[in-house]
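# Survey of secondary and tertiary structure
Each chain is listed here by its residues.
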Amino acid sequence: MNNKQMLNRIDDFSLAEMERLGQEKNVAAYFCRQFPPEILAGLGFHPVRIMSGAVPSSEREGEKLVRPDACPYCKSILGNMSLKKGLLGRASLIAAVATCDMMRRTLDTIRKEFDIPVFTIHAPATMSENTRKFFISQMQGLVKEIYSFTGEKFDTGKAVSYFRDRKKCAEKLYRLSLSGDTQYTILSGLMHLFNFSSPKRLDHFLDEIIEDIPGEKPKMRILLVGSALCTEDNQVPRLIGTNGTGLVNLTCGGINQLEGYLNASAPGRGTAQCIAKFAEIILDAPQCIRSRPNNAVYDRIKSYTTKTGVDGVILKTLKFCDLWHTEKERMREFLGVPFLVLDTDYSGSSDESLKNRIDAFIETLEMSRNTQPQKSTKDTKKLNYAT
Amino acid sequence: MKSNLKRISISEWDDKYSSVPENFRNECRHLRELEDRGRLYLAAPSHYASKGDRLLNRLKFDPSLAALRLWSFLFSEKDRLFEAKKHGWKIFAAMKDLGIVPVITYSLPKTLTFYADEMWWAPCFAEDPRLLDVAAKLGATEELCFVRAALGAMKTLDYFPEPDLCIAGVGSCCDDFSAVMQLIEWQGLKVHWWEMPSRNIPNTGNRTGRTPYGKTRYKKEILSFIVKELKGVAEAASDVAGEKISRTKLLWNIRRFNRIRGLLSSLREKVYSAEHTPLPGLEMFLAEFLPMHGCSDPEEAENVLECLHREVDRRLAKRLSPFSGKPARIFWATPPTDASLITILEDCGGTVCGTEYLISHSFFNIRTTGEPFKALAENHLDDPMAGACGVRVERILKEAKKFRAEGVIISGIFGASHCPFEEKRISEELRKADIPVLSFDVPFSPGRSSEQVKNRIESFVEIIKKRR
């Protein structure tokens, strides 16, 4: 099967899942990977993670509620709420973690502007025994709150079953993502499904197609890190792909939302223990750049550059995403590999400039590869690009 | 209202300075704990202008000795910090909490605590982008608010000595400063991180409490969490200082800061309620930042505020004001990085009659009964940044009405993470209450005022006066 045929299969499945979703009465939306969807599944909801709807029209609509100098992702959330578009348009409840300041305030704005119940807990930036216990107790409190609202008790069986299926999907998608051999649009389509479809059906679908997914060994690989990467926010991955370069997506739209499942085990059946366990899985998952201190994020990115043998790293940030963008110099120095920083939004207005910069970056990587078959940190330090 | 007073320029202060009574100069002492009787600190504003704070050349000052004392006290903070360090005192850099940590750390002897956040206005006062340029090289570029100057200052170490410990509050804080604090740690400085959770009102049930002074609602389970975090702060500071903080010391310090907070709170009431504003907005702007950390000398901060009170009382009794006629009463929300904007407002016929500078929790009292850390945790929950924007909106609306504001200025900073969300919300609520709003982003305009902002403030004041 070629890439086009595979994409058609994925699209067909995606359409069918979207139709099924349309018939669901209880759809709960969440945003950050630091919220465990298993909790929502246990409360009788169909969880959907909002990692789509990142289009210029939604961003513009969001600017009717907040100023333009807000994060494009947050603006698109507000815009999609206003327009009742996409996955958000189907949600009857929002459950979220208050992470960065902009997300926290986006949740606050949703609460004020829209007639949808919003349940939030605070995601700690620091990791200590106190913050761990606090996060777990908040999660338990959240379950009680949602139960009081809906009248539907938490069903550990549903939550655990959801977790098991989702873990299987995560493991398969992780292997595909790590190789960098799968065309980005295929992987992106599958990750989109991971965010909204039934994990049971997705798992079966993956079993059906996984052997048929075309794998082309790329001439080079790039590790992509940075702000959350939504489905439609694909100019950068596309541009990388058109150069015949493979991409390892280490953002919250990619591997970051999968890795936490790999070593996680299903919780026991007691309600409190079950909820606590799902909270712990989140706490033990790869840390966010927002964590303080965030040295573990750096160590992890570095280990991925080695593990995947990538030729360079691209830090792709969303405009006004301070938490990632300010790390650019520190990251450049720490990683010691060819490094490119791209600051983007959803408007598409800088596509030409992005293309030029990515082309130039890849060209330089190619030149370096051709002249220096064995990598040395001495040479790679020269191949650093400013924004 | 006829004014016998008028604001004066820096050169007019130079002319007056020699006539400052000797007994007043002798009263203005800081570092009393460092050496017997402390050291004199009073100086003319030109002294600080010549040392680098060039914006002072463009400002207009209240002509009173109390105001001179205030300016000198604030601008001599750098001297206090370096001197204390030289004498082996420990220096703590508190970051982000804006009023809680110093209450803990000042319970330790031979220590001073300052707020790195205050570097936010340093580039404007210096009229020099140097700190911003240093920060940019380290990754904190212009999409962040001016608080990135704190990173520059931590690198250059010419505004303060190297802190022995930075105490960084994260969690429900702005992304800009969270990012800056992480880069500060990257410079090799020792940082103790503590979690400031957001208030989070539950959707159902009645599991909320209310803070005793700010009357802010919060989720009850948060309080014990914050108490543990603050105890962690105390422990980290104690380790550096080599001494434990006793309950007695902490309570004593809470009472001390309550006195400072009470003085500022009542000063605001007197000044902003008055029919004819007795003290300019520029001096009130500086005064409002005193309770946060006592400007690295809580004892003298109390004296400075008492001195201001005496001056204000005198003016109220004699119906004196630096402003003649009937200036437009303007409530100012979000502190302007560029202090000259307040001078511009006052030059255009306006006067500041109220403020919400994001630090309102730093002049609420802290409870002195019960567990002291619990009382501090409650005060943290009064922080307008610690939860939903609605709390801040309510405070602005309430005080704007209370102080009979005819208009509100919201001065934001392009790129600051809270501004895009708050500005529209605050403006909307004020317009519903039929209060005109002017909002703009404060530009970095070294050496001259932004003509655009000046025109906008001028027009705003005109509109307000026409509405009367």
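Parameters and conventions
- Residues numbered from 1 in each chain as written.
- Chains lettered and ligands numbered in written order.
- Predicted model: local features only at pLDDT ≥ 70, side-chain atom pairs only at ≥ 80, totals over all residues.
- Heavy atoms only, no water.
- Pairing = 2+ DSSP bridges.
- Helix = DSSP H or I, 4+ residues; strand = E, 2+ residues; numbered from the N terminus.
- Axes fitted to C-alpha atoms, helices over the stretch in contact; angles between N-to-C directions.
- Contact = heavy atoms within 4.5 Å.
- Buried area = accessible area lost by both parts, 1.4 Å probe.
- Salt bridge = Lys/Arg side-chain N within 4 Å of Asp/Glu carboxyl O.
- Polar contact = N/O pair within 3.5 Å; in protein donor to acceptor, adjacent residues only side chain to side chain.
- Nonpolar A, V, L, I, M, F, W, Y, C, P; charged D, E, K, R; others polar.
- Buried < 20%, exposed > 50% of the residue type's maximum accessible area, 1.4 Å probe, protein only.
- Disulfide = S-S within 2.5 Å.
- Core = buried A, V, L, I, M, F, W, Y, C linked by side-chain atoms within 4.5 Å.
- Phe/Tyr/Trp six-rings, centres within 6.5 Å; stacked < 30°, edge-to-face > 60°.
- pLDDT = per-residue confidence, 0-100.
- Expected span 1.5 Å × (residues − 1).

### Section: the sheet that holds strand E12 (residues 437–441) of chain B
Residue and element names in this part refer to chain B. Strand order in the open sheet formed by four strands is E10-E9-E11-E12, and the pairing between neighbours is parallel. With one partner strand each, in any of the chains shown, strand E10 (350–356) and E12 form the two edges of the open sheet. Mean inter-strand twist for the sheet, computed between neighbouring axes without regard to direction, equals 25 degrees. Pairing between strand E9 (residues 328–333) and E10: six bridges, direction parallel. Residue pairing for E10: Ile 330 is matched across the bridge by Val 352. Contacting E9 and E10, helix H12 (residues 247–273) runs over the sheet at an angle of about 145 degrees to E10.

### Comments concerning the side chain of Asp 165 of chain A
Looking at where Asp 165 of chain A falls in the secondary structure, it is placed in helix H7 (residues 156–179). Setting aside anything within four residues of it in sequence, one finds Asp 165 of chain A in contact with Pro 199, Lys 200 and Asp 203 of chain A.

### Considering the interface of chain A and chain B
Taken together, the 55 residues of chain A in the interface contact 58 residues of chain B. Buried area between chain A and chain B, both sides added, is near 4,400 Å², and the carbon and sulfur share of it is 52%. For the pair chain A and chain B, the number of links is seven salt bridges. Where chain A packs against chain B, one counts 25 residue pairs in polar contact (both at pLDDT 80 or more). When grouped by side-chain class, the residues that make up the side of chain A that touches chain B number 19 nonpolar, 17 polar and 19 charged.

### Details of the sheet that holds strand E6 (residues 245–249) of chain A
Residue and element names in this part refer to chain A. Spatially, E6-E5-E7-E8 is the arrangement adopted by the four strands of the open sheet, whose pairing is parallel. Of all the strands in the sheet, the pair left with one neighbour each is E6 and strand E8 (339–344). The sheet shows a mean angle of 25 degrees between the axes of neighbouring strands, taken without regard to direction. As judged from the six bridges shared by strand E7 (residues 312–318) and E8, these two strands associate in the parallel manner. Following the sheet pairing, Leu 315 is matched in E8 by Val 341. Lying over the sheet, helix H10 (residues 235–242) contacts strand E5 (220–226), E6, E7 and E8, oriented at roughly 145 degrees with respect to E6. Sitting on the sheet, helix H13 (residues 295–308) is in contact with E5, E6 and E7, with an inclination near 165 degrees to E5.

### Re the pattern of salt bridges
For the coordinates displayed, the defined rule picks out 69 salt bridges over all chains. A salt bridge links Arg 67 of chain A to Glu 423 of chain B; the shortest N-O distance between them is 2.4 Å. Of this pair, Arg 67 of chain A sits in the loop between helix H3 (56–62) and helix H4 (72–83) while Glu 423 of chain B sits in helix H19 (residues 419–432), placing the two residues on different chains. Neither Arg 67 of chain A nor Glu 423 of chain B differs from the other in exposure class; each is buried. Ionic pairing is found between Glu 129 of chain A and Lys 133 of chain A, a salt bridge with its closest N-O pair at 2.9 Å. Of this pair, Glu 129 of chain A and Lys 133 of chain A both sit in helix H6 (residues 129–150), four residues apart, which is roughly one turn of the helix. Overlapping salt bridges, with partners in common, bring together Asp 101, Arg 104 and Arg 105 of chain A together with Glu 356, Arg 392 and Glu 422 of chain B in one network.

### Focus on the state of the cysteines
Residue and element names in this part refer to chain A. Following the criterion strictly, the structure yields zero disulfides over all chains and no others. Free of any disulfide, Cys 230 has its nearest cysteine sulfur in Cys 71, 8.7 Å distant. The exposure class assigned to Cys 230 is buried, which follows from its relative accessible area of 1%.

### As for the nonpolar core
Formed by 173 residues in total, the largest nonpolar core has its most connected members in Leu 56, Phe 285 and Leu 376 of chain B. When residues of this core are assigned to their parent elements, the largest contribution, 11 residues, is made by helix H11 (residues 221–241) of chain B. Of all hydrophobic cores here, the second largest spans 115 residues; its members include Val 48, Ile 209, Leu 250 and Tyr 346 of chain A.

### Remarks on the packing of aromatic side chains
Applying the stated criterion to the full structure yields 26 aromatic pairs over all chains. With a centroid separation of 4.0 Å and an interplanar angle of 10 degrees, the aromatic rings of Phe 134 of chain A and Phe 225 of chain B are classed as stacked. Here Phe 225 of chain B lies in helix H11 and Phe 134 of chain A lies in helix H6, a pairing that spans two chains. For Phe 134 of chain A, a relative accessible area of 4% translates into the label buried. We classify Phe 225 of chain B as buried; its relative accessible area is 3%. Judged by centre distance (5.4 Å) and plane angle (75 degrees), the ring pair of Trp 121 of chain B and Phe 285 of chain B falls under edge-to-face. Here the residue Trp 121 of chain B occupies a position in the loop between strand E4 (111–115) and helix H7 (122–126), and Phe 285 of chain B occupies one in helix H13 (residues 281–288), the gap between them amounting to 164 residues. Across the pair, exposure class does not vary: Trp 121 of chain B and Phe 285 of chain B are buried alike. Through pairs of rings, three or more aromatic residues link up here, namely Tyr 48, Phe 61, Trp 71, Phe 75, Trp 120, Trp 121, Phe 125, Phe 285, Phe 289 and Tyr 357 of chain B.

### A look at the confidence of the model for chain A
Detailed conclusions should not be drawn from predicted coordinates in areas where pLDDT is low. In the predicted model, chain A carries a mean pLDDT of 93, and 96% of its residues have values of at least 70. Contacts for the low-pLDDT stretch residues 375–387 of chain A, under 50 throughout, to residues beyond four places or in other chains number 31 contacts.

### A short note on helix H15 (residues 328–335) of chain A
Every α-helix winds through 3.6 residues per turn, so residues three or four apart in the chain are directed the same way. For H15 of chain A, the full list of buried residues reads Lys 328, Arg 330, Met 331, Arg 332 and Leu 335 of chain A. On its buried side, H15 of chain A packs onto E5, H13, E7, helix H14 (322–325) and E8 of chain A together with helix H10 (175–186) of chain B. Within two residues after H15 of chain A, Gly 336 of chain A carries a phi angle of roughly 65 degrees, on the positive side.

### Notes on the packing of H12 of chain B against helix H17 (residues 372–381) of chain B
All names here are of chain B. Relative to each other, H12 and H17 sit at 35 degrees, their axes nearing to 10 Å. Here Arg 247, Leu 250, Leu 251, Ile 254 and Arg 261 of H12 lie close against H17, whose contacting residues are Pro 372, Phe 373, Leu 376 and Asn 379. Across the contact of H12 with H17, the residue classes tally to six nonpolar, one polar and two charged.

### With respect to helix H18 (residues 389–402) of chain B
Under the 1.5 Å per step criterion, the end-to-end length of H18 of chain B is 20 Å for 14 residues, consistent within 8% with the ideal 20 Å. Among the structural elements, helix H5 (101–113) of chain A together with H12, E9, E10, strand E11 (407–412) and H19 of chain B are those in contact with the buried residues of H18 of chain B. Taken from the residues just after H18 of chain B, Arg 404 of chain B is the one with a positive phi, measuring 55 degrees.

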